[in-house]
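# Chains, contacts and geometry: an overview
Given next are the chains, with one letter for each unit.
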Amino acid sequence: MGLTKQYLRYVASAVFGLIGSQKGNVVFVTLRGEKGRYVAVPACEHVFIWDLRKGEKILILQGIKQEVTCLCPSPDGLHLAVGYEDGSIRIFSLLSGEGNVTFNGHKAAITTLKYDQLGGRLASGSKDTDIIVWDVINESGLYRLKGHKDAITQALFLREKNLLVTSGKDTLVKWWDLDTQHCFKTMVGHRTEVWGLVLVSEEKRLITGASDSELRAWDITYLQEIEDLEEPEPKKIKGLSLGLQDTHEAKDGTLELDEAPEDRIVSCRKAGSIMRGGRDRVVNLAVDKTGRILACHGTDSALEVFCILSKEEIQKKVDKKMKKARKKAKLNSCKGEEKDLEINVETGLQDEIQRVTNIKTSAKIKSFDLIHSPQGDLKAVFLLQNNLVELYSLNLSASTPQAVRTSRITIGGHRSDVRTLSFSSDNIAVLSAAADSIKIWNRSTLQCIRTMTCEYALCSFFVPGDRQVVIGTKTGKLQLYDLASGNLLETVDAHDGALWSMSLSPDQRGFVTGSADKSVKFWDFELVKDENSTQKRLSVQQTRTLQLDEDVLCVSYSPNQKLLAVSLLDCTVKIFYVDTLKFFLSLYGHKLPVLCMDISYDGALIATGSADRNVKIWGLDFGDCHKSLFAHDDSVMYLQFVPKSRLFFTAGKDRKIKQWDADKFEHIQTLEGHHQEIWCLAVSPSGDYVVSASHDKSLRLWERTREPLILEEEREMQREAEYEESVAKEDQPAVPGETQGENYFTGKKTIETVKAAERIMEAIELYREETAKMKEHKAICKAAGKEVPRPINPILMAYGNISPSAYVLEIFKGIKSSELEESLLVLPFSYVPDVLKLFNEFIQQGFDVELLCRCLFFLLRIHFGQITSNQMLVPVIEKLKETTISKVSQVRDVIGFNMAGLDYLKRECEAKSEVMFFADAASNLEEKKRKRKKREKLILTLT
C-alpha cells in the first residue's frame, strides 16, 4: 500500500480591516481607572477594545465562532457581558481579557443584556421571546420568564424594588415581580413594536420608543406609596387605584390588562408624548447614568438629545410663568376688565423634558453610548454603518449646546466592502481596495501603512518590484499609484465598461485587461519622462486589442505565456494563442457564467469557478473536463492555485473558503470564519498565507502550519462535529408536570452538558465496580486469613489514590456551575439512588455542602414522583433530611461569623482612615500657615 498524500493544515491567524460590526452595540468601558477613553465594539465573533484618544486597538476579547449581538458592561466596570448569535452569553474580565463564565439558555440570538444595580444578576432577552435572569456570582441561571410573543427589545431592573420591565416586538411592555417570577402587569398602549424603553425621574416615569415619531411617557406610581399617603383601609385603596385606572383609560383610550386588583404593585398612567424629529422607528433609546440626559436615534444619521429637568428646575419655570400671568392679570385689571384672581399655570410634558440639540454624524448610526466626562461635558460614542467609530462632545452648560467631534477611528478599515486583494512578491505587503480607497497592510503587524483614495476598484496587482500598484475600476479606468509617496501617478481610460479582471504576464513586462465592453486589451509597462521632475516614471502603453462577442468576466495567462484564457458572459471559457490571438479551445459546460479561474503552475490544468456553484477542472491540451465538483452552496466568487502546486482555494458566497486537490479531485479542508459572503481572496507567492475579504467588512488572514492534515481524520472530525450539533438540537427531556418542548429551567442541552452527564455516569459505574471488588477482596482476605494485595484502579491512582466515592465527588466539582442542572436533567434515574446515598455520606462529612445541596434539591424536584414511590429510598431521604438541615445551619453560622468579622475589619479601617484624614488636614493647615508667613515676609521686605 502506497503512502497517503499529506497536506498541510491552514488555520485562522487574525481578523483585521474591521473597526466594528453592525449587529452589536458600542459601549464605554472602564480600563486602568479611566472612564470615557475606551470603548468596546463588536467585531464579528470577537470584541475589540479601542482607545479613542490614540485610535489604537488595545485588547481583543476572543470569541469562538458565533457573531456578537449584544454588549453590556458590569456596574463595577470590571467585566463585560457579551451575547452571541446562537443564544450563548460569555462574561469577560476586562483586566485579563479572558471569558471564564458561559451561560447557555437561549435558542436564538441575544437582543438585550442588563445588569442589576449591584451587578449580581444579569437579565438576558432573546429572539426566542424568553427572558432569563442569571446569577453572575454563582454562575448559574435563576429563572426563565415566558410571556412575550415576539423578540425581546429591552429589559430593565428597578433599583428600589425587585421588579423587571421588559419590552418586545409584540407591542407589549411587561412588568415582572421577581420574588414570585410572574408577570403582574401588561401595558398594551402601543400599536406597533416597542423598540426601546428607559426609566427616568427616579424611576417615576417610563419612556418608550416605538415605530412612529413619538416617544410616549408614562407616569408610574407604586401602590405601596399610595397606601402610605391615603388611609390604610385596603378597600379604600382598591377603589382609589381603580378610580385612577378608569379616569385615564377614558382619557387616552389605552387599555391595561391586570391579573386582579389585589395583585397590583404598580399603576401606570400615560403622561403624554414627545415628538421626535425623525419620521421612522426608534432604533435605540437610552439615558446616561445620571438619568438627566435622554437620547434616541432612528435609521438615519441624527441623534436627538433631550434634557429631563429636575423638580427644582420645573418649579422655577412654574414660578416664572406665574409671575408673567400675574403681570398680565394686573394689566388687565388696570384696563378695567374683570378681575380674575384665580391664576392657574399648568405644566405639560414639554416643560419637563426639553430638547437640547441634534448630533449629526457622518453616516447612519447603528448604536451609541453616553457618558459624563469629569469636566462636565457629555460624551457620545457612535458605531456607524460604514465601519467607523466617532466620538462627539457636548457642552451642556452652554446656552446653545453644539456637538463637537473630538475623535474618530477610521484607519483600521475601509468604509465599504473590499472587492480586490493582492500580495506583494515578498509576501509582506497586502493590498486591499474598496469603493473609495486602497489600503496597504503589513502582513506581520496587520497595521495599515498606506491609505490612498481611488475610484470603485474591482481588480488589482503589485507591479514587479513592489513599488507601484495598478487598480482596475468600475468605470473602466486603470489607475497607477506610487507606494512610497502614496500619489496617483496616472489614470488611463482603458475601457468603456467595468474593468472586471487583470492578469500580469509571466515575463512581467506587461499585463492584460478584460472588460464588460466585450474587449481584451494588452498593455506594456514603459518609463516616460515626468513633467514635474527630471526622473522618469512608470506608465502603461496599450499594444493590442482582442474584440469578442460577449462581456469579459475574467482573464488569465498560462505560465509559459503561450495561451490566454478568457471567461465570457455566455457561460463559456475561450482559450486563445497569445502571439496570433487565434482561437484555440472553448470550454463549455457551466450552466451560469464563469466568475473566476486560474491556470496551474505547469500550464497543464485550468480550474474554473462559476455562479452555478460548481468548479470544473479541465485539461489545457485538449480542453476536456477532468472533473466537475459541487464546490459551494452559492456562487463561487474566487479561485486561485497555490504557487508551485496542484492545490487550489475557492471562495464562495456561502461564507466558506475551501481547499481542493486538482490531481485527486479531493476536497481537503474548509476554512470557516466569515459571517457574510466572501468577495475575494489572495494566496501569497510562497503559499504560506491566504487573505480573504467579505461583506462583513473583515479581512481574515489564514496561515499554513507544519501540522499534517490526513483526509480520513478530517472527515471523521467533520462527522463528529455534525453529530455534536445534532445532539444539541434534540428535544430537552421533559420533567414530570411539564409539556414536551417547553423548558422552564434556565439551561439548554448542549454537547458539554451531555458529556458532563456521561462523566457522572462513568464515575458512578466505576464506584459500583470498585465497591463490588472491595467486598470480594475482603472475602478473599478472610478466606486466606491474611492481607492479600489488591490491584488499584489506574483512574483512581491518577487522582492521587483516592477512594471511589471521593472520585465521584471530584467529578461533580469539575462540572461547570452553569451546566450543573442541565447535566443532572440528562442523567437517567437508575443512577439517582446511588447519587443520593453518596450525597448523604459527603454531607455528613461536611464536604462541599453548598454544591451538594444544590444538586440534591434539583434531583428531588425533577424525580419527586419516582423517589417518593421507591421504598428503598425512604430511609436514605430521611437521613438526608437530618444531615442536610444540621450541616446547612452550620455553614450559615460560619458565613454569619465571617460577615461579622469583615464588618468589624471595615469599621477598623474606616476609623484608621479618619485618623489619617485628620492628620493630613492638620499638616496641610501647617503648610498653608508657613506659606502665608513667607508671603508676609516678602511683602515686608519689598516695602
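All values derive from a computational prediction rather than experimental measurement. (Residues numbered from 1 in each chain as written. Predicted model: local features only at pLDDT ≥ 70, side-chain atom pairs only at ≥ 80, totals over all residues. Heavy atoms only, no water.)

A tally of helices and strands in the chain yields 13 helices and 57 strands. With respect to the principal axes defined by its C-alpha atoms, the chain has extents near 120 × 105 × 80 Å. When the 943 residues of the chain are sorted by exposure, 50% land in the buried category. Nonlocal contacts in the chain, meaning residues at least 24 apart in sequence, comprise 49% of its contacts between residues at least 6 apart. Entry remark: accessible area of the chain is about 47300 Å², with carbon and sulfur atoms responsible for 52%. Averaged over its 127 positive side-chain charges, the chain has a centre that lies 5 Å from the centre of its 132 negative ones. (Helix = DSSP H or I, 4+ residues; strand = E, 2+ residues; numbered from the N terminus. Buried < 20%, exposed > 50% of the residue type's maximum accessible area, 1.4 Å probe, protein only. Contact = heavy atoms within 4.5 Å. Areas by Shrake-Rupley, 256 points an atom, 1.4 Å probe, with all protein chains shown as cover. Lys, Arg positive; Asp, Glu negative; His and termini not counted. Charge placed at Lys NZ, Arg CZ, Asp CG, Glu CD.)

When two helices pack together, their arrangement is given by the angle between the helix axes and by the axis-to-axis distance. Closest axis-to-axis distance for the helix α6 (residues 751–784)/helix α10 (residues 832–845) pair is 11 Å, and the angle between their directions is 75°. Between α6 and α10, the angle falls in the class roughly perpendicular. Contacts between α6 and α10 involve I764, Y767 and R768 from the first element and D834, V835, L838 and E841 from the second. Taken together, the residues of the contact of α6 with α10 break down into four nonpolar, no polar and three charged. (Axes fitted to C-alpha atoms, helices over the stretch in contact; angles between N-to-C directions. Parallel < 35°, antiparallel > 145°, perpendicular 65-115°, else oblique. Nonpolar A, V, L, I, M, F, W, Y, C, P; charged D, E, K, R; others polar.)

In terms of domain boundaries, the chain breaks down into domain 1 (411–547) and domain 2 (751–891). Using C-alpha coordinates to define each centre, domain 1 is positioned 70 Å away from domain 2. (Domains from an automatic or database assignment.)

A cluster of basic residues, K928, K929, K931, R932, K933, K934, R935 and K937, forms a positive patch on the protein surface. As for its placement among the helices and strands, K929 is situated in helix α13 (residues 874–942). The exposure class of K929 is partly exposed, given its relative accessible area of 42%. (Patch = residues over 30% accessible without salt bridge, like charges linked within 9 Å, V, L, I, M, F, W, Y side chains within 5 Å. Salt bridge = Lys/Arg side-chain N within 4 Å of Asp/Glu carboxyl O.)

According to UniProt, the "domain: Small-subunit processome Utp12" (unreviewed entry) feature falls on residues 805–907. In the segment residues 805–907, helix accounts for 83% and strand for 0%; the C-alpha atoms at its two ends are 44 Å apart. (UniProt positions renumbered as here; feature names shortened; annotations may be inferred.)

This part takes up unusual backbone geometry. Phi angles above zero are rare outside glycine, and T171 is one such case at about 70°. Relative to the elements of secondary structure, T171 occurs in the loop between β15 (163–168) and β16 (173–177).

This part takes up the nonpolar core. Ranked by size, the top nonpolar core spans 37 residues in total, and within it I760, F812, L824, L836 and F839 carry the most contacts. Every element with two or more residues in this core is listed here: α6, α8 (804–814), α9 (820–826), α10, α11 (849–862) and α13. Per-element tally for this core: the top contributor is α10, with seven residues. With residues near it in sequence (within four places) discarded, F812 still touches I760, L824, V835, F839, L851 and C855. Of all hydrophobic cores here, the second largest spans 20 residues; its members include A363, L370, A380 and Y392. (Core = buried A, V, L, I, M, F, W, Y, C linked by side-chain atoms within 4.5 Å.)

Before going further, it helps to spend a moment on the environment of H626. Among the secondary structure elements, H626 is positioned in strand β50 (residues 625–630). Overall, H626 belongs to the partly exposed group, its relative accessible area being 36%. Spatially, the C-alpha atom of H626 lies 13 Å from that of N614, the residues being 12 residues apart in sequence. Beyond its immediate stretch of four places on either side in the chain, H626 contacts L605, I617, W618, G619 and F665.

Here we take up the packing of aromatic side chains. Inspection of every chain in the model, using the stated rule, returns 15 aromatic pairs. With centroids separated by 6.4 Å and ring planes inclined at 35°, the aromatic side chains of F368 and F382 adopt a geometry described as tilted. In this pair, F368 sits in strand β27 (residues 365–372) while F382 sits in strand β28 (residues 378–384), placing the two residues 14 residues apart along the sequence. Grouping residues by exposure puts F368 and F382 together as buried. Pairing F511 with F525 gives two aromatic rings, centres 5.5 Å apart and planes at 40°, and the pair type is tilted. In this pair, F511 is assigned in strand β40 (residues 510–515) and F525 in strand β41 (residues 519–529), connecting sequence segments 14 residues apart. (Phe/Tyr/Trp six-rings, centres within 6.5 Å; stacked < 30°, edge-to-face > 60°.)

Turning our eyes to something else, we now look at the UniProt feature "repeat: WD" (unreviewed entry) in the chain. The UniProt entry lists residues 103–144, 145–186, 187–228, 411–451, 492–526, 587–628, 629–670 and 671–703 under the feature "repeat: WD" (unreviewed entry), expressed in the numbering used here. Counting secondary structure, residues 103–144 comes out at 0% helix and 57% strand; the distance between its end C-alpha atoms is 13 Å. Structurally, residues 145–186 comprises 0% helix and 55% strand, and the distance from its first C-alpha atom to its last is 14 Å.

To continue, consider α6. Since there are 3.6 residues in each turn of an α-helix, residues three or four apart along the chain are aligned in direction. For α6, with 34 residues, the first-to-last C-alpha span of 49 Å sits near the 50 Å given by 1.5 Å per residue. Positive phi appears at G785, one or two residues downstream of α6, with a value of about 75°. (Expected span 1.5 Å × (residues − 1).)

With antiparallel pairing, the four strands of this open sheet are ordered in space as β2-β3-β4-β5. Where the open sheet ends on each side, the last strands, each with one partner, are β2 (27–31) and β5 (56–61). Taking each pair of neighbouring strands and ignoring which way they run, the sheet shows an average axis angle of 40°. Pairing geometry for strand β3 (residues 34–43) and strand β4 (residues 46–51), over six bridges, is antiparallel. Along β4, the bridge assignment pairs P42 with V47. (Pairing = 2+ DSSP bridges.)

With that settled, the discussion passes to the pattern of salt bridges. This structure, assessed with the given rule, holds 38 salt bridges. Between D417 and K697 there is a salt bridge; the shortest N-O distance is 3.7 Å. Taken together, the positions of D417 in the loop between β30 (403–409) and β31 (420–423) and K697 in the loop between β56 (689–694) and β57 (699–709) put the pair 280 residues apart, joining distant regions of the chain. Across this residue pair, the class does not change: D417 and K697 are buried. With a closest N to O distance of 3.6 Å, K813 and D848 form a salt bridge. Within this pair, whereas K813 is found in helix α8, its partner D848 is found in the loop between α10 and α11, the two being separated by 35 residues in sequence. Taken together, the salt bridges that share partners define one network made up of E34, R37, D51 and R53.

What follows is about the sheet that holds strand β33 (residues 437–442). With antiparallel pairing, the four strands of this open sheet are ordered in space as β31-β32-β33-β34. Pairing within the sheet leaves two strands with one partner each, and these edge strands are β31 and β34 (448–453). Put simply, the sheet's adjacent strands are angled 15° from each other on average, direction ignored. As paired strands, strand β32 (residues 429–433) and β33 are joined by five bridges and run antiparallel to one another.

Our focus in this paragraph is the side chain of E45. Here E45 shows up in the loop between β3 and β4. In this structure E45 comes out as buried when scored by relative accessible area, which is 7%. Reaching out from E45, the side chain makes a polar contact with the side chain of H675 at a distance of 3.2 Å. With residues near it in sequence (within four places) discarded, E45 still touches G63, I64, K65, Q66, E67, V68, Y84, G673, H675 and R700. (Polar contact = N/O pair within 3.5 Å; in protein donor to acceptor, adjacent residues only side chain to side chain.)

Secondary-structure assignment places K521 in strand β41. Reaching out from K521, the side chain makes a polar contact with the backbone oxygen of A494 at a distance of 2.6 Å. For K521, the residues in contact, after removing those within four places along its chain, are A494, H495, F511, V512, T513, Q542, R544 and T545.

Turning our attention to a nonpolar patch on the surface. Taken together, the side chains of V891, I895 and M899 define a hydrophobic patch exposed on the protein surface, amounting to about 260 Å² of accessible area. On the secondary structure map, M899 appears in helix α13. Judged by its relative accessible area of 52%, M899 falls in the exposed class.

Our focus in this paragraph is the confidence of the model for the chain. In this model, the chain carries an average pLDDT of 88, and 92% of its residues clear a pLDDT of 70 or more. Counting contacts from residues 229–256, a segment whose pLDDT is below 50, to residues more than four positions away or on other chains yields 33 contacts. Considering only residues more than four positions removed or in separate chains, one finds that residues 258–263, a stretch of pLDDT under 50, has nine contacts. (pLDDT = per-residue confidence, 0-100.)

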